[in-house]
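# A structural walkthrough
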Amino acid sequence: CMGLGFGIAGSAYAEKPLVLGFSQVGAESEWRTANTASIKDAAKQAGVTLKFADAQQKQENQVKAIRSFIAQKVDVIAFSPVVESGWDTVLGEAKAAKIPVILTDRAVDAKDKSLYVTFIGSDFVEEGRRAGRWLLERAKSMPAGDINIVELQGTVGSAPAIDRKSGFAEIIAANPHLKIIRSQSGDFTRAKGKEVMEAFLKTDGKKINVLYAHNDDMAIGAIQAIEEAGLKPGKDILVISVDGVKGAFEAMMAGKLNVTVECSPLLGPQLMKVAKQVVAGETVPKRITTEESVFPAEVAAKEFPNRKY
Ligand code: AHR
């Protein structure tokens, strides 16, 4: 693939650009749009030829895209798996074709770790824990008695939904008054987040003290539902979410969202760097974890101008 140059500076043999096949989850959220832009921009900057496929949140489309990348003999395949399970066969095919696979953003649960070279992305369990820690702290200044939480989960079977749920549950277990009374998937979209929150409000209405949404988009949809129900998001119902997109900062500045746990979509530059290293035969770490923080509403106005997504 690369390197007819034999490392000789000024060689007559120009290096062929690296060809990267990337299968994206879809365009379900503000986060995902920023992630796609980051990958496309970084490819351009790095001189990488990018073959980009949008799977519209369907695993079967991702499998098809990966098979087509194998047939096209790309140098590297990268993808953000919509769900965790069911990848062994197609990743085995890539391995048999000697095409390295890089996971970005979301993990797979394959037992055979040799099916991919590395996984670049956030620690979703830790994100869930951070959301939980914020609530645990906040609960100390809330009225005595049970605190009823409703949870909007991400896409069923996806790594961020599974991990953000478990990390949050692990931390809030320290306070027996923190009770998750409902938990349902809103598929990481605004429309579904709103729809499911409407259903929660219909059955539990004023009982709800806290909403924990696995991403900002669902929180933003749910905020609309809360307002339409005549309640004040951020006050009557505390709202916690994950990502840290600009929309979340705007909601915080409007007093409607209490905190967002950062999850960075800006994985493009790292992906291009690692793809080049892998094709050059260098060893890369098996796990590359993104560094992130937490933004409570109190810092939103100050941080907003620094936000890149
Ligand atoms: O996998 C990352 C998650 O996917 C983001 O938190 C969410 O917004 C996106 O859809």
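Fair warning: this is a prediction, and the values are worked out from it, not measured in the lab.

## Things to note about the pattern of salt bridges
Here the idea is simple: oppositely charged side chains can pair when their charged atoms come close. Considering all chains together, one arrives at 22 salt bridges under this definition. For Lys165, the salt bridge goes to Glu151, with nearest N and O atoms at 2.7 Å. With a gap of 14 residues between them, Lys165 in helix H5 (residues 159–172) and Glu151 in strand E6 (residues 147–153) connect regions that are remote in the sequence. In this structure Glu151 comes out as buried when scored by relative accessible area, which is 0%. Close ionic contact of Glu227 with Lys256 constitutes a salt bridge, the shortest N to O distance being 2.9 Å. With Glu227 in helix H7 (residues 216–228) and Lys256 in the loop between helix H8 (246–253) and strand E10 (259–262), this pair connects stretches of sequence that are 29 residues apart. The class for Lys256 is partly exposed, based on a relative accessible area of 28%.

## A closer look at the site of the ligand
Around the ligand, the neighbouring residues are Glu28, Ser29, Trp31, Arg32, Asp105, Arg106, Phe124, Pro160, Arg164, Phe188, Asn215 and Asp243. For the ligand, an oxygen atom lies 2.9 Å from a polar atom in the side chain of Arg32. One of the side-chain N or O atoms of Asn215 is found 2.8 Å from an oxygen atom in the ligand. Relative to its unbound accessible area of 280 Å², the ligand is 100% covered by the protein chains. Elements with a minimum of two residues in the shell around the ligand: helix H1 (30–46) and H5. Grouping the amino acids of the shell around the ligand by side-chain chemistry returns four nonpolar, two polar and six charged.

## Quick notes on the packing of helix H2 (residues 59–71) against helix H3 (residues 88–96)
It is the contact of H2 with H3, at a shortest axis distance of 10 Å, that shows an interaxial angle of 10°. By the angle between their directions, the pair H2 and H3 is classed as roughly parallel. Packed against H2, whose contacting residues are Val63, Ile66, Arg67 and Ile70, the element H3 presents Thr89, Val90, Glu93 and Ala94 at the interface.

## Regarding the sheet that holds strand E7 (residues 178–185)
In space, the six strands of this open sheet follow the order E7-E6-E8-E9-E10-E12, with mixed pairing throughout. Each of the sheet's edge strands pairs with one partner strand only, and the pair in question is E7 and strand E12 (294–296). In this sheet, adjacent strand axes meet at a mean angle of 15° when their direction is disregarded. Against the sheet, H8 engages E10 and E12, with an angle of about 155° to E10.

## Focus on the packing of aromatic side chains
Enumeration over the complete set of coordinates arrives at four aromatic pairs. Pairing Phe22 with Phe52 gives two aromatic rings, centres 6.0 Å apart and planes at 15°, and the pair type is stacked. On the criterion of sequence distance, the pair formed by Phe22 in strand E1 (residues 19–24) and Phe52 in strand E2 (residues 49–54) is long-range, its members being 30 residues apart. The class of Phe22 is buried, set by a relative accessible area of 0%. Relative accessible area serves as the criterion here: at 27%, Phe52 is assigned to the partly exposed category. Between the aromatic rings of Phe79 and Trp87, the centroid separation amounts to 4.9 Å while the plane-to-plane angle is 65°, which identifies the pairing as edge-to-face. By the burial criterion, Phe79 is buried, and Trp87 matches it. Positioned above the aromatic ring of Tyr309, the side-chain terminus of Arg307 is 4.8 Å from the ring centre.

## Let's talk about the pairing of E1
A large share of E1 lies buried, amounting to six of its six residues. Across six bridges, the pairing between E1 and E2 is parallel. Looking at the pairing, Val19 lines up with Thr49 of E2. As judged from the four bridges shared by E1 and strand E3 (residues 76–79), these two strands associate in the parallel manner. In the strand pairing of E3, Phe22 is matched with Ala78.

## Observations regarding the environment of Ala254
By secondary structure assignment, the location of Ala254 is in the loop between H8 and E10. Its relative accessible area of 47% is what places Ala254 among the partly exposed residues. Sequence separation of Ala254 and Gly234 is 20 residues, and the distance between their C-alpha atoms is 9.2 Å.

## Quick word on the nonpolar core
With 50 residues, the main nonpolar core has Leu135 and Met197 as its most contacted residues. Discounting chain neighbours no more than four positions away, the residues touching Leu135 are Ile149, Phe168, Ile172, Leu178, Val210 and Ile240.

## Thoughts on the side chain of His214
Residue placement: His214 occurs in the loop between strand E8 (210–213) and H7. The class of His214 is buried, set by a relative accessible area of 0%. In contact with His214, other than residues within four places in its own chain, are Glu151, Leu152, Gln153, Gly154, Pro160, Ala161, Arg164, Lys165, Phe188 and Val242.

## Observations regarding the sheet that holds E1
Read from one edge to the other, the open sheet built from six strands follows the order E2-E1-E3-E4-E5-E11, with strand pairing classed as parallel. Among the strands making up the open sheet, the edge pair consists of E2 and strand E11 (287–289). Strand-to-strand, the axes of this sheet are offset by a mean angle of 20°, without reference to chain direction. Along the sheet face, helix H9 (residues 268–279) touches E1, E3, strand E4 (101–104), strand E5 (118–121) and E11 and points at about 160° away from the line of E4.

About the criteria used
Residues numbered from 1 in each chain as written. Predicted model: local features only at pLDDT ≥ 70, side-chain atom pairs only at ≥ 80, totals over all residues. Heavy atoms only, no water. Salt bridge = Lys/Arg side-chain N within 4 Å of Asp/Glu carboxyl O. Helix = DSSP H or I, 4+ residues; strand = E, 2+ residues; numbered from the N terminus. Buried < 20%, exposed > 50% of the residue type's maximum accessible area, 1.4 Å probe, protein only. Near = heavy atom within 4 Å. Polar contact = N/O pair within 3.5 Å; in protein donor to acceptor, adjacent residues only side chain to side chain. Areas by Shrake-Rupley, 256 points an atom, 1.4 Å probe, with all protein chains shown as cover. Nonpolar A, V, L, I, M, F, W, Y, C, P; charged D, E, K, R; others polar. Axes fitted to C-alpha atoms, helices over the stretch in contact; angles between N-to-C directions. Parallel < 35°, antiparallel > 145°, perpendicular 65-115°, else oblique. Contact = heavy atoms within 4.5 Å. Pairing = 2+ DSSP bridges. Phe/Tyr/Trp six-rings, centres within 6.5 Å; stacked < 30°, edge-to-face > 60°. Lys NZ or Arg CZ within 6 Å of the ring centre and 35° of its normal. Core = buried A, V, L, I, M, F, W, Y, C linked by side-chain atoms within 4.5 Å.

The values are spatial; any link to function lies outside them.
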